There are 2 protein chains.
Amino acid sequence: MANNIGVGELKPNKKVILKNYVNGFPKESDMEIVRTETVRLKVAEGSKAVLLKNLYLSCDPYMRNRMSKHEEANYVPDFVPGSPISGFGVAKVLDSGHPDFKVGDYVWGITGWEEYSLVTSPETLFKIKDTDIPLSYYTGLLGMPGVTAYAGFYKVCSPKKGETVFVSAASGAVGQLVGQFAKLMGCYVVGSAGSDEKVNLLKKKFGFDEAFNYKKEKDLNAALKRCFPEGIDIYFENVGGEMLDAVLLNMRNHGRIAACGMISQYNLDKPEGVHNLMFVVTKRLRIEGFNAYDYFPIYDQFFQKTVPYIKEGKITYVEDVVEGLENAPAALIGLLSGRNVGKQVVVVARE
Amino acid sequence: MANNIGVGELKPNKKVILKNYVNGFPKESDMEIVRTETVRLKVAEGSKAVLLKNLYLSCDPYMRNRMSKHEEANYVPDFVPGSPISGFGVAKVLDSGHPDFKVGDYVWGITGWEEYSLVTSPETLFKIKDTDIPLSYYTGLLGMPGVTAYAGFYKVCSPKKGETVFVSAASGAVGQLVGQFAKLMGCYVVGSAGSDEKVNLLKKKFGFDEAFNYKKEKDLNAALKRCFPEGIDIYFENVGGEMLDAVLLNMRNHGRIAACGMISQYNLDKPEGVHNLMFVVTKRLRIEGFNAYDYFPIYDQFFQKTVPYIKEGKITYVEDVVEGLENAPAALIGLLSGRNVGKQVVVVARE
């Protein structure tokens, strides 16, 4: 049984590595499943490392950025070809030299796309305190995407009851939460997504007031005008490009745009041009970029606010769960082309 | 003598009217000097209007926006073809039905491009309290551009001592002041402008640490890298387009962009695309549009802070003064093509 693995045991370690840096749209074949050296399930004497058994891995859009080589310093380090992909995940501690983590603890944070990971700087891991909640949620609702939604909406958007809120990529790991936070605050909320199934989810499951399938709209400006006859106070930006241009036309004076991501641009050789920025001046808009890292110090505040919502059924969360590390490359590529419905999770092991 | 004009006298009134709405780059011939009806230098009995003798008129980039027809509500009203251009100016009160203004007062605010203007909502005018300062300064340093520079720099940019500041259109009515405010705060300040004469002014007269002529730079990114080897904390945006794209490449994490105007875009049929907005996300930038109108309520705060700087010689101001209302169209067109050196003012009368 997996949970009877002995400390110090030698195990083969399946990994997903990046083969080469990627230009344009990544393919599954840019990654490879390898089974390399065996790993001893023990940290070295005197080390502060932890040895993790990975359970759930998170596929997130920002990972696309790490698949390309950057000449200049980037906000996240580039992946290293030949080495395992790294990303957020949920894991169980098999051995620990660090006083904050003990054998048997569950943690979430940055780990490797492999069965077992040796984490040499475990300060970046969060110990999971509440294991009544599905552990996979710590890749999404209660992990990095959750902090992103919470900080982006409550801290960056300065929302007020009754305001109008637009969320793009609204059924994704972050968007579905932003929409629900906004509804809980008493806002009017509209989401866009890339399939009718997702649109249905937004309206039926997450309680968005309106939603549309952007792929079926000939004119995004017209779609936004239809949903927001009085304009948009808050835009939670996940996609960029053409959608941002249409949103700028429809923002109200003193509107706020929380720039979380621009997934429509990640696989283009040259990003599209955005033409309507003059509305930032004339409507006195604020566009503010942010990421979860800057807000991890308020993780506890987020957790205290969100867990009761989950337990009272006021927030729901949809995951797209793929079984098996060998299916992780397809899951990541699927995420980048919008095939996932809800938060994309890969199960490496359940316990 | 002009200052002996009798209240109630009938006078001819020279005006500058807009002939037709403008597309593309405006020409002098889009405006016309007319001498229409005579005007009686008196406000109607019981009215709260004031009758102004215009002294100095202000040419400002935002006026380009008003020369075109907008189908949707705009942040400033469109000009009306056949009617005088309106804009900021300095004037003397010849008659008044309003308790806040008396005959002989000097005021600044929105007036007409004509010799005499009847202002029916004088609440929008500011009474000039300090006439030791050149009156023309109330079109610039102590008028709308001054409030713009003050609010944009101190309120929008959240500046800190030692930060690096870039100002485009830096020798203009607003830019020259922003640079001086930033130097007074202990920032490192670089400006761009469109001629060597202006660049010289920035360095020799306004104390910018560095300046460059953007028309002579083959690569704006390289110019910015040369001036800001460690990157830009604050960008005071007056031009938009290609410059904004280059700036985004050079912003530091958590940088701020005060979006005041985008003059490079005003005469294009379709604005240029800005391609580097993903840096807003990765560098967690804030881009915030603003205008002086929203900050007129803190005019007194601005005035109290700025006047001592002027009187102590800590702030200097360069005006480009054109004599005669008949030269106002050429002055405005000159401003839109960057021919002015410093704040563009038109003298209608000196007293």
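Scroll up to find the structure.
Residues numbered from 1 in each chain as written. Chains lettered and ligands numbered in written order. Predicted model: local features only at pLDDT ≥ 70, side-chain atom pairs only at ≥ 80, totals over all residues. Heavy atoms only, no water.

Participant: Could you give me a rundown of the relation of the copies chain A and chain B, with the residues and numbers involved?
Facilitator: When chain A is brought onto chain B, the operation consists of a screw motion whose angular component is 180° and whose axial shift is 0.0 Å, with 0.0 Å RMSD remaining. Here the transformation between the copies is reduced to the relation of a two-fold axis. The position closest to the rotation axis in chain A is occupied by the C-alpha of Gly273 of chain A, lying 1.9 Å away. A high fraction, 100%, of the interface residues of chain A reappear at the interface in chain B, so the copies pair face to face through one surface. (Least-squares fit on C-alpha atoms with pLDDT ≥ 70 in both. Contact = heavy atoms within 4.5 Å.)

Participant: With reference to specific residues and values, describe the packing of helix α2 (residues 144–156) of chain B against helix α3 (residues 175–184) of chain B.
Facilitator: Residue and element names in this part refer to chain B. Between α2 and α3, whose axes approach to 9 Å, the crossing angle comes to 45°. As summarised for this structure, α2 and α3 are arranged oblique, according to the angle between their axes. Seen from above, α2 lies across α3 with right-handed handedness. Counted together, Gly146, Ala149, Tyr150, Phe153 and Tyr154 of α2 and Leu177, Val178, Phe181 and Ala182 of α3 form the full contact between these two elements. In terms of residue class, the contact of α2 with α3 is made up of 8 nonpolar, 1 polar and no charged. (Axes fitted to C-alpha atoms, helices over the stretch in contact; angles between N-to-C directions. Helix = DSSP H or I, 4+ residues; strand = E, 2+ residues; numbered from the N terminus. Parallel < 35°, antiparallel > 145°, perpendicular 65-115°, else oblique. Left-handed = near helix turned anticlockwise from the far one by under 90°. Nonpolar A, V, L, I, M, F, W, Y, C, P; charged D, E, K, R; others polar.)

Participant: Which residues make up the interface of chain A and chain B, and what are the values?
Facilitator: Taken together, the contact pairs 31 residues of chain A with 31 residues of chain B. Taken over both partners, the interface formed by chain A and chain B buries close to 2,600 Å², and the fraction arising from carbon and sulfur atoms is 63%. Area buried by chain A at its contact with chain B is led by His275, Val281 and Arg284 of chain A, which between them contribute 21% of it. Here Arg284 of chain B ties to Asp294 of chain A by a salt bridge, and the two come within 2.9 Å at their closest N and O atoms. Seen at the junction of chain A and chain B, the total is 12 residue pairs in polar contact (both at pLDDT 80 or more). Looking at the side of chain A that touches chain B, the elements with two or more residues in it are β12 (251–259), α7 (278–282) and β13 (286–289) of chain A. Here the residues of the side of chain A that touches chain B are counted per class, giving 15 nonpolar, 8 polar and 8 charged. The sheet contact formed by β13 of chain A and strand β13 (residues 286–289) of chain B spans 3 bridges and is antiparallel. Bridge pairing in β13 of chain B places Ile287 of chain A opposite Ile287 of chain B. (Buried area = accessible area lost by both parts, 1.4 Å probe. Salt bridge = Lys/Arg side-chain N within 4 Å of Asp/Glu carboxyl O. Polar contact = N/O pair within 3.5 Å; in protein donor to acceptor, adjacent residues only side chain to side chain. Pairing = 2+ DSSP bridges.)

Participant: Outline the environment of Pro99 of chain B, listing residues and values.
Facilitator: Residues and elements named next belong to chain B. Here Pro99 is to be found in the loop between β4 (86–96) and β5 (106–112). Judged by relative accessible area, which is 67%, Pro99 ranks as exposed. Here the alpha-carbon distance between Pro99 and Lys48, two residues 51 residues apart in the chain, equals 7.9 Å. (Buried < 20%, exposed > 50% of the residue type's maximum accessible area, 1.4 Å probe, protein only.)

Participant: Summarise the sheet that holds strand β9 (residues 188–193) of chain A; cite the residues concerned and give the values.
Facilitator: One open sheet holds the 12 strands; their spatial order is β10(A)-β9(A)-β8(A)-β11(A)-β12(A)-β13(A)-β13(B)-β12(B)-β11(B)-β8(B)-β9(B)-β10(B), and the pairing between them is mixed. This sheet does not close on itself; its edge strands, each paired only once, are β10 (210–213) of chain A together with β10 (210–213) of chain B. Averaged over all neighbouring strand pairs, the angle between strand axes comes to 15°, with direction disregarded. Two elements, strand β9 (residues 188–193) of chain B and β10 of chain B, share 4 bridges in a ladder whose sense is parallel. Bridging across to β10 of chain B, Ser192 of chain B finds its partner in Phe212 of chain B. Sheet strands in contact with helix α6 (residues 241–250) of chain B are β8 (164–167), β9, β10, β11 (232–237) and β12 (251–259) of chain B, and its direction is about 150° off that of β12 of chain B.

Participant: Mind laying out empty space enclosed by the protein, listing which residues take part and the relevant values?
Facilitator: Under the definition given, this model contains 1 cavity of 30 Å³ or more. A volume near 30 Å³ is recorded for the largest cavity. Lining the largest cavity we find Glu237, Leu244, Ile257, Ala259, Met262 and Ile287 of chain A together with Leu277 and Val280 of chain B. (1 Å grid on protein atoms, 1.4 Å probe; cavity = no way out; pocket = protein on both sides within 12 Å on 5 of 7 lines; lining within 4 Å. Points joined across faces, edges and corners; volume = space filled by probe spheres on them.)

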